[in-house]
Every structure is written in structure tokens, then in C-alpha cells.
Amino acid sequence: LYINSKYQHKCLDALERWYDAPILVLDSWKDLYPTVERLMEDPAALDEMQVTVRMWYDNYMRKAVTDFEDFMIKSSSLEVAGSLEYYQ
């Protein structure tokens, strides 16, 4: 991931939930080749990095799905409660 001072996004703090992600962040595109070269020199560390990223992403997506399901259940129960009040 490369983020510089010119990075602009319509959504405020669009990457906020990714700040704790164990992903590679570069200061500039010039750092890409040396970084990849360094990573390729240590396949075991690269494999470990891949496992760490996969575990983080799995947990991230589980939480996203759980949060969405909780939101939908809560919305649905509020909707049902509101319609029951209408008929009383």
C-alpha cells in the first residue's frame, strides 16, 4: 500500500479500519523494488507475512459480517416493534 500526501478519497478516513492491518506500507514507489527484492531473499519470512495477513483479513471479514448481521437484526426487530405499535 502506498499513501502519500496527495492521497484523497471521497470517504473521510476510508482506510481507517485498515490502519492496524499487517500490510506493507511504502513511503514512495521508489521503495517498491528494493522492498520486493528484500522480501524475496527470505521466503520463510514472506510465507509468515502471508499467513499473518490472511489471518488478519479473515478476522476482519468475520467482524464485518457479524456487525452487518447485528445491524440487520436490530433494524428488523425495531421495524417489527414499530409495526406492532401501529396495530395496538
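Worth saying up front: this structure is predicted, and the values here are computed from it rather than measured.

Visitor: When you look at the overall build of the chain in this model, what are you seeing that I'm missing?
Guide: Helix and strand counts for the chain come out as two helices and zero strands. For the chain, with 88 residues in total, the buried portion stands at 6%. Considering only contacts in the chain between residues 6 or more positions apart, those separated by 24 or more positions represent 52%. Accessible surface computed for the chain: about 8,100 Å², of which carbon and sulfur atoms make up 59%.

Visitor: Any chance you could explain the pattern of salt bridges here in plain terms?
Guide: When their charged atoms lie close together, side chains carrying opposite charge are able to pair. For the coordinates displayed, the defined rule picks out one salt bridge. Notably, a salt bridge pairs Asp67 with Lys63, separated by 2.8 Å at the nearest N-O pair. One end of the pair is Asp67 and the other is Lys63, both in helix α2 (residues 43-87) and four residues apart, which spans about a single turn.

Visitor: What am I meant to see in a negative patch on the surface here?
Guide: A contiguous patch of negative charge, built from Glu37, Glu41, Asp42 and Glu48, is present on the exposed surface. By the element assignment, Glu48 lies in helix α2.

Definitions and cut-offs
Residues numbered from 1 in each chain as written. Predicted model: local features only at pLDDT ≥ 70, side-chain atom pairs only at ≥ 80, totals over all residues. Heavy atoms only, no water. Helix = DSSP H or I, 4+ residues; strand = E, 2+ residues; numbered from the N terminus. Buried < 20%, exposed > 50% of the residue type's maximum accessible area, 1.4 Å probe, protein only. Contact = heavy atoms within 4.5 Å. Areas by Shrake-Rupley, 256 points an atom, 1.4 Å probe, with all protein chains shown as cover. Salt bridge = Lys/Arg side-chain N within 4 Å of Asp/Glu carboxyl O. Patch = residues over 30% accessible without salt bridge, like charges linked within 9 Å, V, L, I, M, F, W, Y side chains within 5 Å. Lys, Arg positive; Asp, Glu negative; His and termini not counted. Charge placed at Lys NZ, Arg CZ, Asp CG, Glu CD.

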